[in-house]
Each structure stands twice: as C-alpha cells, then as structure tokens.
Amino acid sequence: MVSFFDSVDRTALREMLQERIADGSLLRLIAKCVHVGVLDGEAFRRPGEGTTQGSALSPLLGNVYLHYALDRWFEREVQPTLKGKAQLIRYADDFVIVLSRKDEAERLMGRLQQRLERYALRLNPDKTRLVCFRRPLRRQGGGKGPGTFDFLGFTWYWRRSRRGRWVAACKTRRARLGRAIRSAHDFCRRHRHEPIAAQHAALTRRLQGHYQYFGVNGNLRSLDQLRYHAERVWYG
C-alpha cells in the first residue's frame, strides 16, 4: 500500500494531466480543487502538498498519479528486464506484485522504493512485505500453504479443494470481520427502542451490503460468523 494523498508532488501531477488533457479550463479547475483548503471545526487549513482528503476528485487524481508513477513504469521498465513471470494488480493505492522468482522479487523491492520516492510517495511499512505464495506441493498432506497476504479486505491463502487439489482461496480479513461484528453489535444496541420491523429492515440492509462485497466462493464461514453474532445480539 502506498501512503499517497498527503505527499503528492503537485508539479508532477500537473505534468501528467497535461499529457492527456488539452482543455486549459479543465486543468485550472482541477488545480483549484487540489489547492482548496480544509475546514476542521472552526479551524481552516490549507495544505501545502498532497490532495485534499475526502475530496471527490482525490481518488481520480490518485489513479492518474499512480498510473504514471507505478503502472506504466512496471509495464515498460520492470517487466522487460525480468526472466520470470510478473504481474501488477492495483486498486486505488493498494497493490500486489506477483513474481515467479524470489531473487527478482527481492531486487524489485529496492527498485520500487526508489521509484516511489521520486514521486514523493512512500510504501506503508506495516503493509509491505515479501510473501512466499507458491502453490504447495501436491504430495503435501494437510495444513495450509506457505504464506498468506491481505488485499482489499480479504486474506488470501492456499487450501485443499474437494478433489484434493491446492487452490488459492480468500476469506474476510480477521480485523475486517471483527470490525463488522462490532458494528452490528453497536447498531443493535443503539436501535433497540425502534419497532421490530424497522430494526430488522435496517439490520438486513447493513448485512446485505457486507455480503455483496465479501460474498465470494470459499468465504461462507466468515459470512456465517457475522450472521451468527448479528442474530445473537439482535434476539438478545
């Protein structure tokens, strides 16, 4: 994960936008959004760098910035120099790089840090690590694969399929599941005074939103845990 919005190089961002946008009026409008201040209670603050947190434009500018700083660099300068297979998967400022060779992964870690520093970015040290996610040997008995990693609220790991094959699977990240359970508990306690039908409808909407995101193959156990705790606190 990249620590992004507080440290964007605005000059570099403007040059990136000018490559694809010829409309000067639109560029001036974007510049105004980037330089707008933040009202926190009674305090007004105008940040000297980065983009405004919470701005509707921030995710868009973040994607544009990382397209040039990371995506295009990886495709044009990194992949052609590698002997093994490599792939970059990115969503907003979260990304995973998959490489088939350990030595190239170790070298890329250093190159990646240097590349991001050129654009006033930095890797989040708490979420950045090398993980051995190689498929376990077929002859391996029970247990799980050699490593796991978290991405977009899911924990990815290896498990045995019903046919006995090793398959990559995902489940709700433990911290994210715990937060969803605590949120359900808090909601039920705060709305106990409301009619039963209204409580049920509101709680159902909250759970459905969670299910629609985390309802993927292999994640039924995590969804059942949330449903169990939600029913327990609501009926209690």
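Keep in mind it's a predicted model, so treat the numbers as computed, not measured.

**A few points about the pairing of strand S8 (residues 154-160)**
In summary, the side chains of a regular strand alternate between the two faces of the sheet.
(1) Moving on: As paired strands, strand S7 (residues 149-151) and S8 are joined by three bridges and run antiparallel to one another. If you follow Phe151 over to S8, its bridge partner there is Phe154.
(2) Moving on: Joining the antiparallel neighbours S7 and S8 is a turn of two residues, in which Leu152 adopts a positive phi near 55 degrees.
(3) Moving on: Across seven bridges, S8 lies against strand S9 (residues 166-172) in antiparallel orientation. Bridging across to S9, Arg160 finds its partner in Trp166.
(4) Moving on: From the end of S8 to the start of S9, which pair antiparallel, there are five residues, and Gly164 there has a positive phi angle of about 85 degrees.

**Considering the confidence of the model for the protein chain**
(1) Moving on: Confidence in the prediction for the protein chain averages 84 pLDDT; 84% of positions are at 70 or higher.
(2) Moving on: Note that pLDDT drops below 50 for residues 1-7; the model gives that stretch 34 contacts with residues more than four away or on any other chain.

**Brief notes about the pattern of salt bridges**
(1) Moving on: One pass over the full model with this rule turns up eight salt bridges.
(2) Moving on: Between Asp103 and Arg101 there is a salt bridge, with its nearest N and O atoms 3.1 Å apart.
(3) Moving on: Here Asp103 falls in the partly exposed class, since its relative accessible area comes to 29%.
(4) Moving on: Between Arg227 and Glu231 there is a salt bridge, and its shortest N-O distance comes to 3.4 Å. Placement of both Arg227 and Glu231 in helix H7 (residues 220-235) is noted, with a separation of four residues, approximately one turn of the helix.

**Quick look at the nonpolar core**
One broad trend across soluble globular proteins is that nonpolar side chains are buried collectively.
(1) Moving on: Tyr65, Leu70, Trp73, Phe74, Leu112, Tyr119 and Leu121 are the most contacted members of the largest nonpolar core, which has 28 residues in total.
(2) Moving on: Every element with two or more residues in this core is listed here: helix H1 (10-20), helix H2 (24-35), helix H3 (58-78), strand S4 (86-91), strand S5 (94-99) and helix H4 (102-118).
(3) Moving on: For this core, the element with the highest residue contribution is H3, accounting for nine residues.
(4) Moving on: Every residue in contact with Phe74, bar those within four places of it in the chain, is listed here: Gln79, Ala86, Gln87, Leu88, Ile97 and Leu108.
(5) Moving on: Grouped together as the second largest cluster of nonpolar side chains are twelve residues, Ala184, Cys188, Leu207 and Ala230 included.

Definitions and cut-offs
- Counting restarts for each chain: residues are numbered from 1 in the order of the written sequence.
- Under the rules for a predicted model, residues below a pLDDT of 70 receive no local features and side-chain atom pairs below 80 are neither given nor counted, while totals for whole chains, interfaces and linings still include all residues.
- By convention in this description, side-chain values take in all heavy atoms of the structure and omit both hydrogens and water.
- Strands pair, by our definition, only if DSSP identifies at least two bridges between them.
- Only runs of H or I of at least four residues qualify as helices and only runs of E of at least two qualify as strands under DSSP, and these elements are numbered from the N terminus.
- Every residue is assigned a pLDDT by the predictor, reflecting its confidence on a scale from 0 to 100.
- By definition in these notes, contact holds between two residues if any of their heavy atoms fall within 4.5 Å.
- Note on definitions: salt bridges are taken to be side-chain nitrogens of Lys or Arg within 4 Å of carboxyl oxygens of Asp or Glu.
- Exposure is judged per residue with a 1.4 Å probe applied to protein chains only, and the accessible area is read against the type maximum: over 50% gives exposed, under 20% gives buried, and values in between give partly exposed.
- Each nonpolar core is a collection of buried residues, namely Ala, Val, Leu, Ile, Met, Phe, Trp, Tyr and Cys, held together in the definition by side-chain atoms within 4.5 Å.

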